[in-house]
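Chain by chain, the residues:
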Amino acid sequence: MNKTVVDQVGRSVTFSFPPKRIVSLCPGITDTLFSLNLDAEIVGRTRFCIHPKGKVENVPAVAGTKDIKLEAIQEVQPDLIIVEKEENTKEIVEELEKHFPIYVAEVQSVDDAFRMIEDMGCLTDRNEAASELAGAIRQFESLPKATGKRIAYVIWRKPYMVVGKDTYINSLLEKMGFINPFTEADGRYPAVTADEFLRAELDFVFLSSEPFPFKEKHLKEFLDMMPETEPVLIDGEMFWYGPRMLEASVYFQEHLSSLRQ
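Summarised in this report is the structure supplied together with it. (Residues numbered from 1 in each chain as written. Predicted model: local features only at pLDDT ≥ 70, side-chain atom pairs only at ≥ 80, totals over all residues. Heavy atoms only, no water.)

What to know about the pairing of strand β6 (residues 80–84)
Next, step 1: Across the 5 residues of β6, 5 count as buried, placing the element largely inside the fold.
Next, step 2: The two faces of β6 match: L80, I82 and E84 on one face and I81 and V83 on the other face are all buried.
Next, step 3: The sheet contact formed by strand β3 (residues 22–24) and β6 spans 3 bridges and is parallel. Each residue of the ladder has a partner; that of I22, found in β6, is L80.
Next, step 4: Bridge count between β6 and strand β7 (residues 102–105): 4 bridges; the pairing is parallel. In the strand pairing of β7, V83 is matched with V104.
Next, step 5: This β-α-β element, β6 to helix α3 (residues 90–96) to β7, shows right-handed connectivity. (Buried < 20%, exposed > 50% of the residue type's maximum accessible area, 1.4 Å probe, protein only. Helix = DSSP H or I, 4+ residues; strand = E, 2+ residues; numbered from the N terminus. Pairing = 2+ DSSP bridges. Right-handed = clockwise from strand over helix to strand, strands pointing away.)

Side note on the pattern of salt bridges
Next, step 1: Tallying each qualifying case throughout the model produces 13 salt bridges.
Next, step 2: The residue K85 makes a salt bridge to E106 at a minimum N-O spacing of 3.5 Å. Highlighted residues: K85 in the loop between β6 and α3 and E106 in the loop between β7 and α4 (110–124), separated in sequence by 21 residues.
Next, step 3: For E106, a relative accessible area of 16% translates into the label buried.
Next, step 4: Ionic pairing is found between R244 and E247, a salt bridge with its closest N-O pair at 2.4 Å. Here R244 pairs with E247, and both are found in helix α9 (residues 244–256), just 3 residues apart, close to one helical turn.
Next, step 5: One salt-bridge network, in which partners are shared between bridges, spans D7, R11 and E97. (Salt bridge = Lys/Arg side-chain N within 4 Å of Asp/Glu carboxyl O.)

Notes on the sheet that holds strand β10 (residues 204–208)
Sheet strands associate in pairs through backbone hydrogen bonding, adopting either a parallel or an antiparallel arrangement.
Next, step 1: Spatially, 4 strands are ordered β9-β8-β10-β11 in an open sheet, and the strand pairing comes out mixed. The open sheet is flanked by β9 (161–162) and β11 (230–234), the only strands paired with a single partner.
Next, step 2: Of the pairings in the sheet, the one linking strand β8 (residues 151–156) to β9 comprises 2 bridges and is antiparallel in character. Following the sheet pairing, W156 is matched in β9 by M161.
Next, step 3: Sitting on the sheet, helix α8 (residues 217–225) is in contact with β8, β10 and β11, with an inclination near 150 degrees to β11. (Contact = heavy atoms within 4.5 Å. Axes fitted to C-alpha atoms, helices over the stretch in contact; angles between N-to-C directions.)

Quick word on the sheet that holds β7
Next, step 1: The parallel open sheet is built from 5 strands, whose spatial order is β5-β4-β3-β6-β7. The strands lining the two open edges of the sheet, one partner per strand, are β5 (61–63) and β7. Neighbouring strand axes in the sheet, compared pairwise and without regard to direction, differ in orientation by 30 degrees on average.
Next, step 2: Alignment of β3 against strand β4 (residues 42–46), held across 2 bridges, turns out to be parallel. Among the inter-strand pairings, V23 is bridged to a residue of β4, identified as G44.
Next, step 3: In this fold helix α1 (residues 27–35) packs onto β3, β4, β6 and β7, with an angle of close to 155 degrees to the strand it touches most, β4.

So, unusual backbone geometry
Next, step 1: Of note, the bond from H51 into P52 is cis; its omega dihedral lies within 30 degrees of zero at 0 degrees.
Next, step 2: Residue position: P52 is located in the loop between β4 and β5.
Next, step 3: A cis amide bond links K158 with the next residue in sequence, P159, at an omega value of 0 degrees.
Next, step 4: Phi at E201 is positive, roughly 50 degrees, even though this residue is not glycine.
Next, step 5: Along the polypeptide, E201 turns up in the loop between α7 (194–199) and β10.

Structure representation (structure tokens):
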């Protein structure tokens, strides 16, 4: 039977329910769908969908997050494609909706991440599994606290780019008590100069492992720039929403306890 729903950006979507051939173009959502026991239904993913390891490799990569292979997507004949507003472009949605039902999710906060999990359950007739996953992740609410510490979360180099407002990562940082001065900048991932880093009077600068792969060699670069600020290498995958949230709370408890207080 067909089902019509309103997606998270207000679009009406009609698709065959429950969907038997799903393409997911967002790594965190792909990971979530596998956790809902949809292994047989997932027929396409992006090349950046790398979790869960041991399962996702069996699904053909039919796109990136900012580019698609239309012929490859048509070949797997999806009855539902799931995208995410930040991860995927408006142009991708406009092109794909000419051919297939497209559901657009939007995750800008920790609360949105829980809503996404529940919504994926509703979309795929996996409500019970979604509720179980969300319940297991609730331990995530007991995050360590770094109240009042000023932080920048750096995702790119040349130019430096940081996490700003209206992002899942910033929502997570705020839940841990950090203050992100770059939420006052324009855009969700603003470019930042060395002078702007200095003026922010940061306690810590988190250097993410992705999308730019910050390494040990970059720590000195930031120490030279900001001698009073502690640079910290961070596993960027721990800032993914979905099942990675199960690992994240343990990771944060261990990692934050070693930071200079």
